[in-house]
Amino acid sequence: MEANEELFKDVFAQFGEAYYHSESLHRELCNYYVMATFENTEDITLPRIEEKYAFAFSQTLGQIIEKTKGLFPEELKQRLEKALIKRNYLAHHYWYDRCPLMFSEQGLLELRQELQIFTLLFINLDAAIVTYFKPKLEEMGVTDKLIQEAFEKLRNGEPDIPLASQRSINKHERIVRVWDVQMGDNLASQIFETEDGCLWQLCDVGLGWTYYKKPSPDWTINERFQKYLPVNITPRPTITSPWNYEISLGKGIIFWVKRGKREKSYTWGIKAHSK
């Protein structure tokens, strides 16, 4: 064993590199899930991005592959499935199956070569995904320059801003108050408060995360809503396109949301459901 000590270390280092690149692939898929599942930049709010990131990072590699399947051509789907099998093998079975090879030089050489192949599989697939999504990311405003600037900040030790933290939206929520919050330029945003004190704002698919943690003294109650509250709603209704949906307030009353005429704006109203 002493004669093969350096080779022994190489095998463990190569395993670490292979697993690291499988995790890099996982994180890359999370990044692209967040951006590629927006139709265009007009759909985006920063809290919604962070909500998507929190969801994506909570998924296993297999789960995020399943979530992104519809975004890839067949060839990349097949490569992702193969990568998932390899990664799960590394994580759960590799040493159990391969440990007998660690007691000879030939066995260690075989292990190192095999792990190098695994590493290249993850690296090459990661690169293929970056290439495939690059036009989409540029369309969303994520350019090579922005990515390089982010890497430079990390390299220089600048702290990254942590993700916001909020619980996941429930299938049904009980709304007790709706607040109007001035956002500047005579625009007001509606903030929805649930019975447990959580705050939510409108996003492309219904209610979503907000950076607000509690009501501010300068907020005002939205009187148009208040007469229908408290009410149980479905905060993520079925939609046909982003920023175009309706939420029932009960008793035939509908809250509707549509894109506004101004950039990054929306319009809304309350109406009686037409039979």
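Residues numbered from 1 in each chain as written. Predicted model: local features only at pLDDT ≥ 70, side-chain atom pairs only at ≥ 80, totals over all residues. Heavy atoms only, no water.

1. Here's the deal with the overall build of the chain
- A count of helices and strands for the chain gives 8 helices and 9 strands.
- For the chain, with 275 residues in total, the buried portion stands at 41%.
- Surface accessibility of the chain: about 16,300 Å² in total, with carbon and sulfur atoms responsible for 54%. (Helix = DSSP H or I, 4+ residues; strand = E, 2+ residues; numbered from the N terminus. Buried < 20%, exposed > 50% of the residue type's maximum accessible area, 1.4 Å probe, protein only. Areas by Shrake-Rupley, 256 points an atom, 1.4 Å probe, with all protein chains shown as cover.)

2. Overview of the confidence of the model for the chain
- Within the chain, residue pLDDT values average 88, and 88% of them lie at 70 or more.
- Highest mean pLDDT in the chain belongs to strand β6 (residues 231-233) (96); lowest belongs to helix α7 (residues 144-155) (61). (pLDDT = per-residue confidence, 0-100.)

3. With respect to the packing of helix α1 (residues 5-36) against helix α3 (residues 61-68)
- Direction vectors running N to C along α1 and α3 enclose 35°, while the axes themselves pass 10 Å from each other. Note on packing geometry: the crossing formed by α1 with α3 is left-handed. Seen from α1, the contacting residues are His 26, Leu 29, Cys 30 and Tyr 33; seen from α3, they are Leu 61, Ile 64, Ile 65, Lys 67 and Thr 68.
- The residue inventory of the contact of α1 with α3, partitioned by class, reads 6 nonpolar, 2 polar and 1 charged. (Axes fitted to C-alpha atoms, helices over the stretch in contact; angles between N-to-C directions. Left-handed = near helix turned anticlockwise from the far one by under 90°. Contact = heavy atoms within 4.5 Å. Nonpolar A, V, L, I, M, F, W, Y, C, P; charged D, E, K, R; others polar.)

4. What to know about the pattern of salt bridges
- In total, this model carries 16 salt bridges according to the counting rule given.
- As a salt-bridge pair, Lys 9 and Glu 6 come within 3.9 Å of each other at their nearest N and O atoms. Highlighted residues: Lys 9 and Glu 6, both in helix α1, separated by 3 residues, approximately one helical turn.
- Note on Lys 9: relative accessible area 46%, which makes it partly exposed. (Salt bridge = Lys/Arg side-chain N within 4 Å of Asp/Glu carboxyl O.)

5. Some words on the sheet that holds strand β9 (residues 266-272)
- Read across the open sheet, the 3 strands follow the order β7-β8-β9; overall the sheet is antiparallel. Two strands close off the open sheet at either side, each with one partner strand: β7 (244-250) and β9. Each strand of the sheet is rotated relative to its neighbour by a mean of 20°, with strand direction disregarded.
- Two strands pair when backbone bridges link them, and β7 and strand β8 (residues 253-259) are joined in this way by 6 bridges, in the antiparallel orientation. In the sheet register, Asn 244 faces β8, and the bridge partner there is Lys 258. (Pairing = 2+ DSSP bridges.)

6. With respect to the packing of aromatic side chains
- Inspection of the entire model under this criterion finds 22 aromatic pairs.
- Relative to Phe 57, the ring of Tyr 53 has its centre 5.3 Å away and its plane inclined at 40°; by these criteria the two rings are tilted. Placement of the pair is Tyr 53 and Phe 57 together in helix α2 (residues 46-57), with a separation of 4 residues, close to one helical turn.
- Accessibility expressed as a relative area gives 18% for Tyr 53, which makes it buried.
- Seen from their ring centres, Phe 192 and Phe 225 are 5.4 Å apart, and the 75° between their planes marks the pair as edge-to-face. (Phe/Tyr/Trp six-rings, centres within 6.5 Å; stacked < 30°, edge-to-face > 60°.)

7. Looking at the nonpolar core
- Core analysis: the biggest nonpolar cluster contains 40 residues, and Leu 29, Leu 90 and Ile 129 have the highest contact counts within it.
- Examining the composition of this core, we find that 12 residues originate from one element, α1, more than from any other.
- When near neighbours in sequence (up to four residues on either side) are disregarded, Leu 29 contacts Leu 61, Ile 64, Ile 65, Thr 68, Phe 72, Leu 80 and Ile 129.
- Grouped together as the second largest cluster of nonpolar side chains are 22 residues, Phe 192, Leu 229, Trp 243 and Ile 270 included. (Core = buried A, V, L, I, M, F, W, Y, C linked by side-chain atoms within 4.5 Å.)

8. Let's talk about unusual backbone geometry
- Along the chain, Leu 229 connects to Pro 230 via a cis peptide bond; the corresponding omega equals -5°.
- Tracing the sequence through the fold places Pro 230 in the loop between α8 (223-226) and β6.
- A positive phi angle, close to 55°, is found at Trp 243, a residue other than glycine.
- With respect to the secondary-structure elements, Trp 243 resides in the loop between β6 and β7.
- In this structure, Lys 251 takes a positive phi of about 55° despite not being glycine.

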